[in-house]
Amino acid sequence: MARIPLDTENNGLLARLVSWYSRRRFGKVVEPLAAAAHHPGVLLVGARLELGASRRWRRLDPTLQCLAVMASAARIGCSWCMDFGYWEFHHRGVDPTKIGEVPGWRGSSVYTELERWVLEYAEAMTDTPPTVTDEMVARLRERLGDARLVELTALISLENMRSRTNTALGLESQGFKAACDLPATRTG
């Protein structure tokens, strides 16, 4: 249950515009936006950061982006981020099995060696304190190069901010993943 009111109608013009956009884009007002609407500066900077990241951080393969985000969200335990992340990456074409098995990735056989390294790195960055090692960075740098390693690191950091904020404010799943399920086909 949210620990802050999520009614955006009384939070000014910017909040109403963001709510309108959210309803148009996602079919509902996403709760992190509704929470941020209490502080227009936080809302504006957060929205700019998210738009910039989604439009300009595209050097990494979508599957690697997904695994980095979802591993961080799972480690923190943010049900909102897990729910929305599934929806987002499902629509970006990432294999739903890979998305769904992130919380138990160590016992799964669906991931490549590089994907496992990304999952491990995301968890190590998310630990408090971080448990990243020189060896982790060196092998990722060798496979990804500097620019993609920086993008991966920034993406994990951004997800840590999202997940920690949402969890602290009590934001929970809004049913995005359920919208990805295919309706049963009719026979006969």
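Residues numbered from 1 in each chain as written. Predicted model: local features only at pLDDT ≥ 70, side-chain atom pairs only at ≥ 80, totals over all residues. Heavy atoms only, no water.

(A) The arrangement of the packing of aromatic side chains in detail. Counted under the stated rule, the structure contains eight aromatic pairs. With a centroid separation of 5.5 Å and 70° between ring planes, the pair formed by Phe26 and Trp87 is classed as edge-to-face. Of the two residues, Phe26 is situated in helix H1 (residues 13-26) and Trp87 in helix H5 (residues 79-91); the sequence distance between them amounts to 61 residues. With respect to class, Phe26 is no different from Trp87; both count as buried. Members of the aromatic cluster, connected to one another through ring pairs, are Phe26, Trp80, Phe84, Trp87 and Phe176. Lying over the aromatic face of Phe176, Lys28 brings its terminal NZ or CZ to 4.7 Å of the ring centre. Stacked on the ring of Tyr86, the Lys or Arg Lys177 has its end atom at 4.9 Å from the ring centre. (Phe/Tyr/Trp six-rings, centres within 6.5 Å; stacked < 30°, edge-to-face > 60°. Helix = DSSP H or I, 4+ residues; strand = E, 2+ residues; numbered from the N terminus. Buried < 20%, exposed > 50% of the residue type's maximum accessible area, 1.4 Å probe, protein only. Lys NZ or Arg CZ within 6 Å of the ring centre and 35° of its normal.)

(B) Just the nonpolar core, in detail. Among the nonpolar cores identified, the biggest contains 41 residues, and Val118, Tyr121, Leu140 and Leu152 are the most heavily contacted of them. Among residues more than four places away in sequence, those in contact with Leu140 are Leu114, Trp117, Val118, Tyr121, Gly145, Leu149 and Leu152. Counting five residues, the second-largest nonpolar core is a separate cluster that includes Ala15, Val18, Ala36 and Ala37. (Core = buried A, V, L, I, M, F, W, Y, C linked by side-chain atoms within 4.5 Å. Contact = heavy atoms within 4.5 Å.)

(C) The arrangement of helix H8 (residues 134-168) in detail. Relative to the 51 Å expected for 35 residues at 1.5 Å per residue, H8 spans just 31 Å between its end C-alpha atoms, considerably shorter than the ideal helical length. Its maximal kink placed at Gly145, H8 deviates by approximately 115°. (Expected span 1.5 Å × (residues − 1). Bend = angle between axes of the 7 residues up to and from the residue.)

(D) Here's a closer look at the layout of surface pockets. When its volume is computed, the largest pocket comes out at roughly 1,300 Å³. If you trace the largest pocket, you find 43 residues lining it, with Gly46, Glu50, Leu51, Phe84 and Arg162 closest to the centre. For the lining of the largest pocket, the element with the most residues is helix H3 (residues 40-56), which contributes eleven residues. Here the residues of the lining of the largest pocket sort into 28 nonpolar, seven polar and eight charged. (1 Å grid on protein atoms, 1.4 Å probe; cavity = no way out; pocket = protein on both sides within 12 Å on 5 of 7 lines; lining within 4 Å. Points joined across faces, edges and corners; volume = space filled by probe spheres on them. Nonpolar A, V, L, I, M, F, W, Y, C, P; charged D, E, K, R; others polar.)

(E) Fine view of the environment of Glu123. Mapped onto the fold, Glu123 is located in helix H7 (residues 113-126). On a C-alpha basis, the gap between Glu123 and Ala74 in space is 8.8 Å, while along the polypeptide they are 49 residues apart. In contact with Glu123, other than residues within four places in its own chain, are Arg75, Trp105 and Arg106. One polar contact links Glu123 to Arg75, side chain to side chain, over a distance of 3.1 Å. (Polar contact = N/O pair within 3.5 Å; in protein donor to acceptor, adjacent residues only side chain to side chain.)

(F) The arrangement of the pattern of salt bridges in detail. The tally for this structure, following the rule as stated, stands at nine salt bridges. Residues Arg75 and Asp127 are paired through a salt bridge, measuring 2.8 Å at the closest nitrogen-oxygen approach. Residue Arg75 is located in helix H4 (residues 62-76), and its partner Asp127 is located in the loop between H7 and H8; the two are separated by 52 residues in the primary sequence. By relative accessible area, Arg75 is classed as partly exposed at 40%. Connected via shared salt-bridge partners are Arg75, Arg106, Glu123 and Asp127. (Salt bridge = Lys/Arg side-chain N within 4 Å of Asp/Glu carboxyl O.)

(G) Seen up close, the packing of H4 against H5. Running from amino to carboxyl end, H4 crosses H5 at an angle of 170°, the nearest separation of the two axes being 9 Å. When the interaxial angle is binned, H4 and H5 end up roughly antiparallel. Judged by residue contacts, Pro62, Gln65, Cys66, Val69, Met70, Ala73 and Ala74 of H4 engage Cys81, Met82, Gly85, Tyr86 and Phe89 from H5. Of the residues contributing to the contact of H4 with H5, the split by class is ten nonpolar, two polar and no charged. (Axes fitted to C-alpha atoms, helices over the stretch in contact; angles between N-to-C directions. Parallel < 35°, antiparallel > 145°, perpendicular 65-115°, else oblique.)

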